[in-house]
Amino acid sequence: MSLVVYNTLSREKEPFEPLDESHVRLYVCGPTVYDYVHIGNARPVVVFDVLYRLLQRRHPKVTYVRNITDIDDRIIVRAAENKESIEALTTRTGAAYQGDMARLGALPPSAEPRATEYVGQMVALIERLVARGHAYAAEGHVLFSVPSMEDYGRLSRRSRDELIAGARVEVAPYKKDPADFVLWKPSTDAQPGWPSPWGRGRPGWHIECSAMSGSLLGETFDIHAGGLDLIFPHHENEIAQSRSAFGHAMMAKYWMHNGFLNISGEKMSKSLGNFFTVHELLDQYPGEAIRLLLLSAHYRQPLDFTHEGLVQAKATLDRWYGALRGKTLAPVAIPQAVEDALSDDINTPLAISALHQLRDPSELKAGANALGLLQQDAEAWFRWTPAAAADGPSDTEIEAAIAARQAARKAKDFKESDRIRDDLKAKGVILEDGPKGTTWKRG
């Protein structure tokens with residue numbers, strides 16, 4: 001089955017026809033690293049990782065770029081609050097983000113540019129916009145002239161009044177039009193800054209992604225993806241910048257956006273006490289359980305993320321890993337039902353449903369691997385333990401207890417055998433007796 005994707009630009013499902021069949025190019029907006037990323041930041045990473053895997057199976061070369069924003073006013077504020085340098089903050093939080101995404105089973109992208117590495121390209125892009133009449137300098141700022149682009153707003157499909165209201169635009173005397181947005185702004189001595197034709201300053205948020213995608217993927221490319229909240233103003237402004245600078249009718253051919261994530265039916269908010277970072281959740285649940293829950297709803301739909309859902313996801317993975325345990329697995333093709341589901345606009349719930357129908361362990365593993373699941377050894381899965389239980393018995397101690405229990409059973413000392421089993425259970429270790437002996441898992 002050919003791949004079909006929902007294109008936000010057309011508001012329709014469309015057959016995926018890359019600009020170059022031999023080289024597919026994909027860009028996904030990454031996080032602003034001023035702290036540990038929240039679980040909502042992880043959803044686009046996980047769902048578009050499934051897309052990346054699918055594209056790799058079908059095309060000789062796929063270049064996947066996922067950026068890290070390390071220039072932002074929130075970063076400046078947080079670094080000051082922490083009394084640490086901006087570089088120290090973004091290095092620490094950027095590394096944590098990369099580690100957390102790896103634990104969710106996300107493949108590393110082909111390139112993971114940081115905004116600070118591309119300031120020169122941003123300045124060059126802004127100069128090009130000024131030269132082409134799409135931007136102007138005013139009081140140390142450079143702004144994009146929205147009226148200079150006739151079809152601005154095509155992606156978000158908002159009226160001019162909605163665009164201005166939705167952007168929460170800054171009222172400034174140097175703006176020629178209320179909808180104009182900042183490409184470059186001046187920096188004080190206390191703020192990070194770079195030299196430019198308009199004085200020392202720093203780039204606006206939107207120009208960062210235009211410069212990085214243009215540098216690494218070209219002036220036009222296949223897919224640009226990210227969260228639904230980025231459609232306006234971020235992606236709308238990226239399109240305006242890139243198309244106006246390079247003179248093309250399009251920036252990316254397909255625009256894909258994942259839906260919002262709610263926590264127990266409510267919008268995630270620190271004030272509501274339901275704000276979770278990936279880092280803290282990984283102390284409580286295996287990364288694959290978090291990944292499975294993130295894939296349990298179609299990527300374009302809202303997802304209700306709950307602790308109960310995580311418990312259920314872990315139980316599902318326990319069953320699947322249990323089916324693999326002790327089996328010799330042959331390499332097989334991805335089951336057609338799974339591949340067809342993913343080909344239909346990355347329908348992960350349908351793919352998961354297909355996995356539940358599989359009875360052959362080799363097919364189960366192959367199908368789950370297409371979703372980035374069942375990636376580890378089954379025994380390692382069952383030996384995972386939450387951080388709170390890290391002081392429990394070690395693997396060696398558990399194996400010694402099992403050996404002692406087997407000896408007690410052989411001597412028909414069933415009271416001692418039961419005591420050892422119950423003692424391990426109280427410590428979060430579940431024993432399972434079978435024809436091939438006793439296996440164990442951490443509960």
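Before reading on, note that the structure itself is shown above.
Just so it is clear, the model here is predicted, and its values are computed rather than measured.

Peer 1: Quick rundown of helix α10 (residues 307–324)? Include the residues and the values.
Peer 2: Taking 1.5 Å per residue, 18 residues should reach 26 Å; α10 reaches 26 Å between its end C-alpha atoms and fits that length. The set of residues buried in α10 consists of Gly309, Leu310, Ala313, Lys314, Thr316, Leu317, Asp318, Trp320, Tyr321 and Leu324. Positioned one or two residues after α10, Gly326 has a phi angle of 75°, which is positive.

Peer 1: Help me get a handle on the packing of aromatic side chains, residues and values and all.
Peer 2: Enumeration over the complete set of coordinates arrives at seven aromatic pairs. Seen from their ring centres, Tyr52 and Tyr64 are 4.7 Å apart, and the 55° between their planes marks the pair as tilted. Of the two residues, Tyr52 is situated in helix α1 (residues 39–58) and Tyr64 in strand β4 (residues 62–66); the sequence distance between them amounts to 12 residues. Tyr64 matches Tyr52 in its accessibility class, with the two residues each being buried. Between Lys176 and the ring centre of Tyr136, over which it is positioned, the NZ or CZ distance is 4.5 Å. The ring of Tyr6 has Arg300 sitting right over it, with the charged end atom 4.2 Å from the ring centre.

Peer 1: I'd like to hear about the sheet that holds strand β12 (residues 266–267), residue by residue, with values.
Peer 2: In spatial order, the strands read β12-β11-β13; together these three strands make up an open sheet with mixed pairing. Each edge of the open sheet carries a strand with a single partner, namely β12 and β13 (303–305). Bridging between strand β11 (residues 261–263) and β13 involves three bridges; their strand directions are parallel. Across the sheet, residue Asn262 finds its bridge partner in β13, namely Asp304.

Peer 1: How would you summarise unusual backbone geometry if you had to cite specific residues and measurements?
Peer 2: Omega for the bond connecting Phe232 with Pro233 falls within 30 degrees of zero, at 5°, which places this linkage in the cis form. Relative to the assigned elements, Pro233 resides in helix α7 (residues 231–246). Not every positive phi belongs to a glycine, and Glu139 is a case in point at roughly 50°. With respect to the element layout, Glu139 can be found in the loop between β5 (135–138) and β6 (141–144).

Peer 1: Tell me about the sheet that holds β4, and name the residues and values.
Peer 2: What the four strands build is an open sheet, ordered β4-β3-β9-β10; its pairing is parallel. Both outer strands of the open sheet, β4 and β10 (252–258), are each paired with one neighbouring strand and no more. Ignoring which end each strand starts from, the neighbouring axes of this sheet average 20° apart. Bridging between strand β9 (residues 221–227) and β10 involves six bridges; their strand directions are parallel. Residue pairing for β10: Ala225 is matched across the bridge by Met256. Of the strands in this sheet, β3 (24–28), β4 and β9 are in contact with helix α6 (residues 205–217), which crosses β3 at around 160°.

Peer 1: Just give me the short version of the pattern of salt bridges, but keep the residues and values in it.
Peer 2: Summed over all chains, the structure comprises 19 salt bridges. With a shortest N-O distance of 2.7 Å, Arg92 and Glu84 are connected by a salt bridge. You can call Arg92 partly exposed: its relative accessible area is 43%. We note a salt bridge from Arg421 to Asp422, for which the minimum N-O separation is 3.1 Å. If you follow the salt bridges from partner to partner, you end up with Asp35, Arg78 and Glu81 in one network.

Peer 1: Give a detailed account of helix α9 (residues 287–294), specifying residues and quantitative values.
Peer 2: Buried residues dominate α9, accounting for eight of its eight residues. Every buried residue of α9 is listed here: Gly287, Glu288, Ala289, Ile290, Arg291, Leu292, Leu293 and Leu294.

Peer 1: A description of the nonpolar core should follow, citing residues and the corresponding values.
Peer 2: Of all hydrophobic cores here, the largest spans 73 residues; its most connected members are Ile39, Ile290 and Phe305. At 11 residues, the largest contribution of residues to this core is made by α1. Ignoring anything within four residues of it in the chain, the contact list for Ile39 reads Leu261, Ile263, Met268, Phe276, Thr277, Val278, Leu281, Ile290, Leu294 and Phe305. Counting 42 residues, the second-largest nonpolar core is a separate cluster that includes Val123, Ile126, Phe144 and Cys209.

Peer 1: Hey, could you go over the pairing of β4 for me, with residue numbers and the actual values?
Peer 2: In terms of burial, β4 is largely enclosed, as five of its five residues are buried. Alternating positions in β4 separate into two faces, Val62, Tyr64 and Arg66 on one and Thr63 and Val65 on the other, with burial throughout. Summarising the sheet, β3 and β4 pair through five bridges and their orientation is parallel. From the neighbouring strand, Tyr27 faces β4, where its bridge partner is Val65. The handedness of the β3 to β4 crossover, carried by α1, is right-handed.

Peer 1: Lay out the environment of Thr93 in plain terms, naming residues and giving numbers.
Peer 2: Following the sequence through the fold, Thr93 ends up in helix α3 (residues 86–103). Of the residues examined, Thr93 reaches a relative accessible area of 2% and is grouped as buried. A sequence separation of 57 residues divides Thr93 from Tyr36, and the C-alpha atoms of the two residues are 6.0 Å apart. At 2.8 Å, the side chain of Thr93 forms a polar contact with the backbone oxygen of Val33.

Peer 1: Can you tell me about the packing of helix α11 (residues 336–343) against helix α12 (residues 348–357), naming the residues and giving the values?
Peer 2: One way to put it is that α11 packs onto α12 with a least axis distance of 8 Å and a crossing angle of 170°. It follows from the interaxial angle that α11 and α12 lie roughly antiparallel. Contacts between α11 and α12 involve Ala337, Val338, Ala341 and Leu342 from the first element and Thr348, Leu350, Ala351, Ala354 and Leu355 from the second. Classifying every residue of the contact of α11 with α12 by side-chain character gives eight nonpolar, one polar and no charged.

Each value, and the rule that gives it
Residues numbered from 1 in each chain as written. Predicted model: local features only at pLDDT ≥ 70, side-chain atom pairs only at ≥ 80, totals over all residues. Heavy atoms only, no water. Helix = DSSP H or I, 4+ residues; strand = E, 2+ residues; numbered from the N terminus. Expected span 1.5 Å × (residues − 1). Buried < 20%, exposed > 50% of the residue type's maximum accessible area, 1.4 Å probe, protein only. Phe/Tyr/Trp six-rings, centres within 6.5 Å; stacked < 30°, edge-to-face > 60°. Lys NZ or Arg CZ within 6 Å of the ring centre and 35° of its normal. Pairing = 2+ DSSP bridges. Axes fitted to C-alpha atoms, helices over the stretch in contact; angles between N-to-C directions. Contact = heavy atoms within 4.5 Å. Salt bridge = Lys/Arg side-chain N within 4 Å of Asp/Glu carboxyl O. Core = buried A, V, L, I, M, F, W, Y, C linked by side-chain atoms within 4.5 Å. Right-handed = clockwise from strand over helix to strand, strands pointing away. Polar contact = N/O pair within 3.5 Å; in protein donor to acceptor, adjacent residues only side chain to side chain. Parallel < 35°, antiparallel > 145°, perpendicular 65-115°, else oblique. Nonpolar A, V, L, I, M, F, W, Y, C, P; charged D, E, K, R; others polar.

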